[in-house]
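# Chain and residue survey
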Amino acid sequence: MQQRYNFLYIPYCAGRRESEAMYFLVRVKPHDIDFVNKIIEGYEGLGIVTTVDAALGVVRVYVSPDTKEDVRIILEDMPVPLQIEEFHS
């Protein structure tokens, strides 16, 4: 019996090409990358943060169709300066 999870299941992106994955491209100060990652991790499954370019502070926050608006709100309310560069779906 397959176990069901109540959070973003990582293989959600596995069945899609990277160009088809849903994510926010976000720019933060490089020293704030870990903080943003910990905040998103703290919401357990709302999104997955990966670093695109640590020196420039560019990260992707992968989301599902069900979590994208919640993640957008969280990113917009972050206590550190950040810029949502784009949303890719």
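See the structure printed just above.
Residues numbered from 1 in each chain as written. Predicted model: local features only at pLDDT ≥ 70, side-chain atom pairs only at ≥ 80, totals over all residues. Heavy atoms only, no water.

### Points about the pairing of strand β2 (residues 48–53)
Bridge count between β2 and strand β3 (residues 58–62): five bridges; the pairing is antiparallel. Bridge pairing in β3 places Asp53 opposite Val58. Between β2 and β3, which pair antiparallel in sequence order, lie four residues; one of them, Gly57, sits at a positive phi of approximately 75°. (Pairing = 2+ DSSP bridges. Helix = DSSP H or I, 4+ residues; strand = E, 2+ residues; numbered from the N terminus.)

### Considerations on helix α2 (residues 33–42)
Turning to α2, its buried residues number three or more, namely Ile33, Val36, Asn37 and Ile40. One side of α2 holds all its buried residues, which, seen down the axis, span an arc of 100°. Those residues of α2 that are buried lie in contact with β1 (23–28), β2, β3, α3 (68–76) and β4 (82–88). Following α2 by one or two positions, Glu44 has its phi on the positive side, about 40°. (Buried < 20%, exposed > 50% of the residue type's maximum accessible area, 1.4 Å probe, protein only. Arc of directions from axis to C-beta. Contact = heavy atoms within 4.5 Å.)

### Some points on the environment of Leu25
Within the fold, Leu25 resides in strand β1. For Leu25, a relative accessible area of 19% corresponds to the buried category. Taking the C-alpha atoms as reference points, Leu25 and Thr51, separated by 26 residues in sequence, lie 9.8 Å from one another. When neighbours within four sequence positions are excluded, Leu25 is seen to be in contact with Val52, Val58, Val59, Arg60, Gln83, Ile84, Glu85 and Glu86.

### As for the pattern of salt bridges
This model, assessed by the stated rule, comprises three salt bridges. One salt bridge in this structure joins Glu85 and Arg27, with 3.3 Å as the shortest N-O distance. Here the residue Glu85 occupies a position in strand β4, and Arg27 occupies one in strand β1, the gap between them amounting to 58 residues. The partly exposed category is assigned to Arg27, whose relative accessible area is 35%. (Salt bridge = Lys/Arg side-chain N within 4 Å of Asp/Glu carboxyl O.)

### Here we look at the sheet that holds β4
Reading across from one edge, β2-β3-β1-β4 is the order of the four strands in this open sheet, with antiparallel pairing throughout. Since the sheet does not close on itself, it has two edges, and those belong to β2 and β4, each with one partner. Taking the axes of each pair of neighbouring strands and ignoring which way they run, one obtains an average angle of 25° across the sheet. Contacting β1, β2, β3 and β4, α2 crosses the sheet at an angle of about 160° to β2. (Axes fitted to C-alpha atoms, helices over the stretch in contact; angles between N-to-C directions.)

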